[in-house]
Amino acid sequence: MSQNILFIMYDQLRFDYLSCAGHPHLDTPNFDRVAAKGVRFTNAYVQSPVCGASRMCFYTGRYASSHGAQWNNFPLRVGELTMGDHLREQGMDCWLIGKTHMKADAKGMARLGLTADSTIGARQAECGFDTWIRDDGIWGCGPDGFYDKRRSPYNEYLKKKGYPSENPWADFANAGVNDDNEMASGWMFKNADKPANIREEDSETPWLTREAIAFIKQAKGPWCAHVSYIKPHWPYIVPAPYHDMYGANDVSTAMRDDVERHDPHPVFEAYMANKLGQAFQREDVRQKVIPAYMGLIKQCDDQLGVLLDYLEESGQMDSTVIVLTSDHGDYLGDHWMDEKELFHEPSVKVPMIISDPSTKSNATRNTNCDALVESIDLVATFVEMAGGNVPAHIIEGCSLLPLLHGETVDWRDYVISEYDYSVTPQALTLGLEPRDCRLFMVFDGRFKLMHAEGGFRPMLFDLATDPEEFHDLAKDDAHQSDIERLYGHLADWGRRMSQRVTTSEDDIKAMRGTSARLGVLPFLVDGSEVPDELTEKYRGPAPANYLET
């Protein structure tokens, strides 16, 4: 029986906010249910800690500096191969249900005459996916109009359900009601403890779950379905009964230390000083927001249970690979910060759980794997699962199948992440040109280095002695040898072959010597340098002599 792939991504879900990852208060039995059937990768890192860039790495299997879409709304250039392109070559359909945060390269499409109403054009505009339903889930509206200019399928659903608003996403799904019967917007942290003013079954997560089940009901395999939830991404507000399942007693102490604010790295200092960092330095904010964040995760877990139950009831569990992950984490006040964007563990490390029903994975069920894993590994894994060979000149990740099968493999020594913060307020604070607003992380499983362009010193953490990442060892010269070693890894990575995507290693080997056999023989002195058969057509009597007078 051929296998299908259910590739589920949550937005802004921290790696440690699951009970199978040891969270002290949050019970996620359905995440645990998948982990019990498969492998939980405990050292999985995204290749850029921001939504759009991270997702483009997941979908292409390539580093951010390889595909170029390094921040939200940076278009993915036309022609960049994605998961859907690779899987269709193996006879597997690849469908989107939810969010991609991908922006199409409209100029590139126009240059090539591609229109979004053609099959090829639609796939180029939708990150290589065929689209069951796309909803990126941030339907903010301000003085200059909507943040997302496309039609919101979720908003249209809410309107059909009778919610009386032009933008029910903002007015109901992500807003409560205060004591004066006025809208209490989820954009404001003070409202995070209020229930969203919506029937729970109409909120975003159950709605997308129903869309996923509707897709599976009609799908003909083999298929890969990317079910991509917007939650637990902000706005931090959740419908009843999830709004008050957790309280201040369930909020873990912020993982931060005053030493971090003593002579901090300038980029880190700029992030700690921004409005989000300052808001989450307030304990009253954390005690309102984090219970809502936990409620959103609990709702995600319950809806995952609905999906898993459907697979069981429909007899498809034993033929479906299940992948659970996130595009990045959330600081939630750790390290004096909120959101994501830098390279501390709460931001750049993500949950990754894979349940492979094939018998080859029996030996690794209900295990943890501490190998250094990158998000770009999933495309390579899916190509192998679909029966193909990974095109290593294009896909930069490594297939996880050997690890899922319990094989001993020669694995990578370090992971890389990149971040382009050129459009952020921090770039202005630091007075940098856009080309200098680039950060790189290299982590070898113990030491983590952050390099910042623009003439700044690096940052260095030893996670063996300082797992909380409080003490920046690059403030003095005591660890210069570790810094130089990690810079060596970064230099090796920087010299990788990343742009020769039209010709593989095997193609090149097959090309060697072909020009000579086609009669191209430059630089010969007398012809004796090559086999006689190569010069046969250039020897013998002249067909005619036009030099005679």
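Residues numbered from 1 in each chain as written. Predicted model: local features only at pLDDT ≥ 70, side-chain atom pairs only at ≥ 80, totals over all residues. Heavy atoms only, no water.

Asks: For this particular structure, what's the right way to read the packing of helix H7 (residues 153-160) against helix H9 (residues 204-218)?
Replies: When two helices pack together, their arrangement is given by the angle between the helix axes and by the axis-to-axis distance. Taken N-terminus to C-terminus, the directions of H7 and H9 make an angle of 100°; their axes are 11 Å apart at the nearest point. One way to sum up the angle between H7 and H9 is to call them roughly perpendicular. Touching Pro153, Tyr154 and Tyr157 of H7 are Glu204, Trp207 and Arg210, all from H9. Looking at the contact of H7 with H9 residue by residue, the class counts come to four nonpolar, no polar and two charged. (Axes fitted to C-alpha atoms, helices over the stretch in contact; angles between N-to-C directions. Helix = DSSP H or I, 4+ residues; strand = E, 2+ residues; numbered from the N terminus. Parallel < 35°, antiparallel > 145°, perpendicular 65-115°, else oblique. Contact = heavy atoms within 4.5 Å. Nonpolar A, V, L, I, M, F, W, Y, C, P; charged D, E, K, R; others polar.)

Asks: Explain the packing of aromatic side chains here, please?
Replies: For any pair of aromatic rings, the description consists of the separation of the ring centres together with the inter-plane angle of the planes. A full pass over the atoms with the stated rule returns 24 aromatic pairs. Between Trp95 and Phe215, the aromatic rings sit 5.8 Å apart at their centres with planes inclined by 45°, giving tilted as the arrangement. Of the two residues, Trp95 sits in strand S4 (residues 93-98) while Phe215 sits in helix H9, which places them 120 residues apart along the sequence. Owing to a relative accessible area of 24%, Trp95 belongs among the partly exposed residues under this scheme. On the basis of relative accessible area, Phe215 is assigned to the buried category, the value being 1%. Look at Phe189 and Tyr236: their rings are 6.1 Å apart centre to centre, the planes differ by 50°, and that puts the pair in the tilted class. Residue Phe189 is located in the loop between strand S9 (183-185) and H9, and its partner Tyr236 is located in the loop between strand S10 (223-228) and helix H10 (266-272); the two are separated by 47 residues in the primary sequence. What makes Tyr236 buried here is its relative accessible area of 2%. Each member of the aromatic cluster is reached from another via a ring pair, and the members are Tyr17, Phe189, Tyr236, Phe280 and Tyr293. (Phe/Tyr/Trp six-rings, centres within 6.5 Å; stacked < 30°, edge-to-face > 60°. Buried < 20%, exposed > 50% of the residue type's maximum accessible area, 1.4 Å probe, protein only.)

Asks: Honestly, the sheet that holds strand S5 (residues 130-134) in this entry has me stumped. Any pointers?
Replies: Sheets are built from strands that pair by backbone hydrogen bonding, the pairs being arranged parallel or antiparallel. The eight strands lie next to each other as S5-S4-S10-S1-S11-S13-S2-S14, forming an open sheet whose pairing is mixed. Each edge of the sheet is formed by a strand with only one pairing partner; in this case those strands are S5 and strand S14 (367-369). Neighbour-to-neighbour, the strand axes of the sheet open up by a mean angle of 15°, direction not taken into account. Note: strand S11 (residues 320-326) against strand S13 (residues 352-355), four bridges, orientation antiparallel. The residue bridging Leu324 from the neighbouring strand is Ile353, located in S13. (Pairing = 2+ DSSP bridges.)

Asks: Help me understand the environment of Gly519 in this model?
Replies: Tracing the sequence through the fold places Gly519 in the loop between helix H19 (514-517) and helix H20 (532-535). Placed 461 residues apart in sequence, Gly519 and Phe58 show a C-alpha to C-alpha distance of 45 Å.

Asks: Would you explain the nonpolar core in this entry?
Replies: Soluble globular proteins tend to pack their nonpolar side chains together in the buried interior. The biggest cluster of nonpolar side chains holds 71 residues, and the ones touching the most others in it are Phe7, Phe41, Met83, Phe382 and Tyr421. Examining the composition of this core, we find that six residues originate from one element, helix H14 (residues 377-385), more than from any other. One finds Leu26, Ile138, Ala292 and Leu304 within the second-largest nonpolar core, a separate group that totals 61 residues. (Core = buried A, V, L, I, M, F, W, Y, C linked by side-chain atoms within 4.5 Å.)

Asks: Can you walk me through the environment of Ala542 in this structure?
Replies: Tracing the backbone through its elements, the reader meets Ala542 in the segment after H20. For Ala542, a relative accessible area of 60% puts it in the exposed group. A C-alpha to C-alpha distance of 89 Å links Ala542 and Ala292, two positions 250 residues apart in sequence.

Asks: Where do I start with the side chain of Asp462 in this structure?
Replies: In this fold, Asp462 is placed in strand S19 (residues 459-462). Engagement of the side chain of Asp462 in a polar contact is seen with the side chain of Arg446, the distance being 2.8 Å. Dropping the residues within four chain positions of it, Asp462 is found in contact with Arg446, Phe447, Pro467 and Leu473. (Polar contact = N/O pair within 3.5 Å; in protein donor to acceptor, adjacent residues only side chain to side chain.)

Asks: Could you clarify how one ought to interpret the sheet that holds strand S3 (residues 44-45) in this entry?
Replies: Taken together, three strands build an open sheet; the order of strands is S12-S3-S15 and the sheet is mixed. Edge positions in the sheet fall to strand S12 (349-350) and strand S15 (373-374), since each of these pairs with one other strand and no more. Relative to S12, S3 runs antiparallel, the two being bridged by two bridges. By the bridge assignment, Tyr45 is partnered in S12 with Lys349.

Asks: Whenever I open this one, helix H1 (residues 29-37) confuses me. Can you help?
Replies: Every buried residue belonging to H1 is among Asn30, Phe31, Val34 and Ala35, and all of these are buried. End-on, the buried residues of H1 take up no more than an arc of 150°, which puts them together on one face. Next to the buried residues of H1 lie strand S1 (4-10), strand S2 (39-41), helix H12 (283-313), S11 and S13. (Arc of directions from axis to C-beta.)

Asks: I tried to follow the pairing of strand S18 (residues 447-452) on my own but got confused; where do I start?
Replies: In summary, the side chains of a regular strand alternate between the two faces of the sheet. S18 sits mainly inside the fold: six of its six residues count as buried. The two faces of S18 match: Phe447, Leu449 and His451 on one face and Lys448, Met450 and Ala452 on the other face are all buried. Where strand S17 (residues 438-443) lies against S18, five bridges are found, and the strand directions are antiparallel. By the bridge assignment for S18, Phe440 is matched with His451. Linking two consecutive strands that pair antiparallel, namely S17 and S18, is a turn of three residues; a positive phi of about 100° is found at Gly445 within it. Relative to S19, S18 runs antiparallel, the two being bridged by four bridges. Residue pairing for S19: Phe447 is matched across the bridge by Asp462. In this antiparallel pair of consecutive strands, S18 and S19, the connection spans six residues, and Gly454 shows a positive phi of 100°.

Asks: Please clarify how H12 should be interpreted in this entry.
Replies: Residues lying three or four places apart along an α-helix face the same way, a consequence of the helix completing one turn every 3.6 residues. Across its 31 residues, H12 extends 45 Å between first and last C-alpha, which sits within 8% of the 45 Å expected from 1.5 Å per residue. Among the 31 residues that make up H12, 22 are buried, leaving the element largely enclosed by the rest of the structure. (Expected span 1.5 Å × (residues − 1).)

Asks: Looking at this structure, I do not really get the pairing of S11. What am I missing?
Replies: Most of S11 sits inside the fold, with seven of its seven residues counted as buried. Residues Thr320, Ile322, Leu324 and Ser326 point to one face of S11 and Val321, Val323 and Thr325 to the other, with burial holding for every one of them. Of the pairings in the sheet, the one linking S1 to S11 comprises seven bridges and is parallel in character. Across the sheet, residue Phe7 finds its bridge partner in S11, namely Val323.

Asks: Can you walk me through the pattern of salt bridges in this structure?
Replies: Any two side chains of opposite charge can pair, on the condition that their charged atoms come close. Under the defined criterion, the tally for this structure stands at 39 salt bridges. Taking the shortest distance from any N to any O, the salt bridge between Asp444 and Arg485 comes out at 2.7 Å. In this pair, Asp444 is assigned in the loop between S17 and S18 and Arg485 in helix H17 (residues 480-494), connecting sequence segments 41 residues apart. A network of salt bridges, in which partner residues are shared, links Glu126, Arg134, Asp136, Asp148 and Arg150. (Salt bridge = Lys/Arg side-chain N within 4 Å of Asp/Glu carboxyl O.)

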